[in-house]
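Architecture and fold: a report
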Amino acid sequence: MAERAQVSIATVSRVYRNPGTVRPQTRERVLAVARELGYVPSGSARGLASRATGVLGLCFPDYADPEVDGDEGSDDPEHTLYADEITRGMERAARRHGYALLIAASLAGGPESLVATVAGRVDGFAVLARTVPTEDLEIISRRLPVVMIAGPREIDHLDHLEVANDEGEFAMTTHLIADHGLTRLAFLDGAADSPDARARFRGYRRARAAAGLPAPDEPDARGDFTQAGGRLATERLLAGVDRPPQALICANDQMALGALQTLERRGIRVPDEVAVVGFDGIPLGRVVRPALTTVTQPMRKLGETAVDLLVERLREPDREPRSVLLPVTQTRRASCGCG
């Protein structure tokens, strides 16, 4: 390559590793030779030379695996929308920093699992909450940087990233009570072991208490964060009451979309008879009718920030662990009576 392009071997290396340091005309000459020769850089060889792979990893739950998500709603085609948005953000930021992204859905198996295999092939690892057991994360974090996305900070020495779940649900519930005068509210929770769902339920309870309404100890119904789970949870809720609540507060958008389907099938008008709100801000919420009111969290920003934290850690291995809280916003649409 260097001989054909009439440059040094070091220049060829810089074209692929740090192209901004090479003059444009020289860079294009090297790339033209690469196209002519059919050359593709060897990640394995580069890793041997630098002790780095140039790859970052992302691991999220495999919702199609009954051992992870349960049977209810596990075949829902919309279940990955949240993880998809985080992945897009990570891909964008990884490309900006000169990294590729390796994605894995977790499977059972402890340290011998796919998670451990992926961790051995990357320079840094981002993990969504509830994906990898804490003891396995401890092992993985001894050899490479790890960022936890969502949930509580389980391991003090890891960088941690979450959104304002409690505050977001508090504000949305307060909006329904104060601005729409709704007092008969019901909360459709997500998975029982989800830290995000627990935080959102706390915000819901706080808002009820602040408005002088009873604060329940348990949610009114529970789904599994999928659209199918939302349909079933709404069916169970409506079957157990004499009259429907004035509003359904759902722990995520996908369950809210399922709730809308059940209410439509039963002939219950939204928002005239029952308001419905979600949490996440997935794009599908804009196009359903009525359009979904939701608490919008910066899902792509979560992915971008996770990469930024990993790159910071790779450059400064000894810096103090960081815990980043990203804000959320209300997106008010027709399903609650706004817009």
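Since this is a predicted model, take the numbers as computed values, not measurements.

**A few points about the pattern of salt bridges**
For the coordinates displayed, the defined rule picks out 20 salt bridges. Here Arg-319 and Asp-159 are joined by a salt bridge, their closest N and O atoms 2.9 Å apart. Of this pair, Arg-319 sits in the loop between helix 14 (299–315) and strand 11 (323–326) while Asp-159 sits in strand 5 (residues 159–163); the two residues are 160 residues apart in sequence, bridging distant segments of the chain. Asp-159 sits in the buried class, given a relative accessible area of 2%. Of the charged contacts in the structure, one is a salt bridge between Asp-166 and Arg-206, with a shortest N-O distance of 2.7 Å. On the criterion of sequence distance, the pair formed by Asp-166 in helix 9 (residues 165–180) and Arg-206 in helix 10 (residues 195–210) is long-range, its members being 40 residues apart. Residue classification places Asp-166 among the buried positions, given a relative accessible area of 16%. Note on Arg-206: relative accessible area 38%, which makes it partly exposed. Residues joined by salt bridges that share partners form a network here, namely Asp-159, Glu-312, Arg-313, Arg-319 and Arg-322.

**A closer look at the confidence of the model for the chain**
For any part of a model where pLDDT is low, the fine detail of the predicted coordinates should not be relied upon. Mean pLDDT over the chain: 86, with 87% of residues reaching 70 or higher. Between residues 64–79, whose pLDDT stays under 50, and residues either more than four places distant or in other chains, the model counts 36 contacts.

**Some points on the nonpolar core**
Proteins that are soluble and globular tend to have nonpolar side chains buried together. Within the largest apolar cluster, 70 residues are counted, with the highest numbers of intra-cluster contacts made by Ile-149, Leu-248 and Val-276. With seven residues, the single largest contributor to this core is helix 14. Setting aside its immediate chain neighbours within four residues, Leu-248 contacts Ala-186, Leu-188, Thr-234, Leu-237, Ala-259, Leu-263, Val-274, Ala-275, Val-276 and Val-277. By size, the runner-up hydrophobic cluster in this structure holds 16 residues, among which are Val-55, Val-122, Leu-144 and Ile-155.

**Considerations on the packing of helix 9 against helix 10**
Relative orientation of the contacting elements helix 9 and helix 10 amounts to 40°, with a least axis distance of 7 Å. One element, helix 9, and the other, helix 10, form an angle in the oblique class. Of the two elements, helix 9 crosses helix 10, and the hand of that crossing is right-handed. Counted together, Asn-165, Asp-166, Glu-167, Glu-169, Phe-170, Thr-173, Thr-174 and Ile-177 of helix 9 and Asp-196, Ala-199, Arg-200, Arg-202, Gly-203, Tyr-204, Arg-206, Ala-207, Arg-208 and Ala-210 of helix 10 form the full contact between these two elements. Looking at the contact of helix 9 with helix 10 residue by residue, the class counts come to six nonpolar, four polar and eight charged.

**Some points on unusual backbone geometry**
The phi torsion of most residues other than glycine is negative, and most of the peptide bonds are trans. Here the residue pair Val-270 and Pro-271 is connected by a cis peptide bond, since its omega of 5° sits within 30 degrees of zero. Along the chain, the position of Pro-271 falls in the loop between helix 12 (253–265) and strand 9 (275–280). Between Arg-289 and the following residue, Pro-290, the backbone shows a cis peptide bond with an omega angle of -5°. Despite not being glycine, Gln-6 has its phi angle at roughly 60°, a positive value. With respect to the helices and strands, the residue Gln-6 is situated in the loop between helix 1 (2–5) and helix 2 (9–17). The class of Gln-6 is exposed, set by a relative accessible area of 71%. If you check the backbone angles, Asp-280 has positive phi at about 140° while not being a glycine. Looking at the secondary structure, you find Asp-280 in strand 9. Residue class for Asp-280 comes out buried when judged on its relative accessible area of 3%.

Calculation rules
- Residues numbered from 1 in each chain as written.
- Predicted model: local features only at pLDDT ≥ 70, side-chain atom pairs only at ≥ 80, totals over all residues.
- Heavy atoms only, no water.
- Salt bridge = Lys/Arg side-chain N within 4 Å of Asp/Glu carboxyl O.
- Helix = DSSP H or I, 4+ residues; strand = E, 2+ residues; numbered from the N terminus.
- Buried < 20%, exposed > 50% of the residue type's maximum accessible area, 1.4 Å probe, protein only.
- pLDDT = per-residue confidence, 0-100.
- Contact = heavy atoms within 4.5 Å.
- Core = buried A, V, L, I, M, F, W, Y, C linked by side-chain atoms within 4.5 Å.
- Axes fitted to C-alpha atoms, helices over the stretch in contact; angles between N-to-C directions.
- Parallel < 35°, antiparallel > 145°, perpendicular 65-115°, else oblique.
- Left-handed = near helix turned anticlockwise from the far one by under 90°.
- Nonpolar A, V, L, I, M, F, W, Y, C, P; charged D, E, K, R; others polar.

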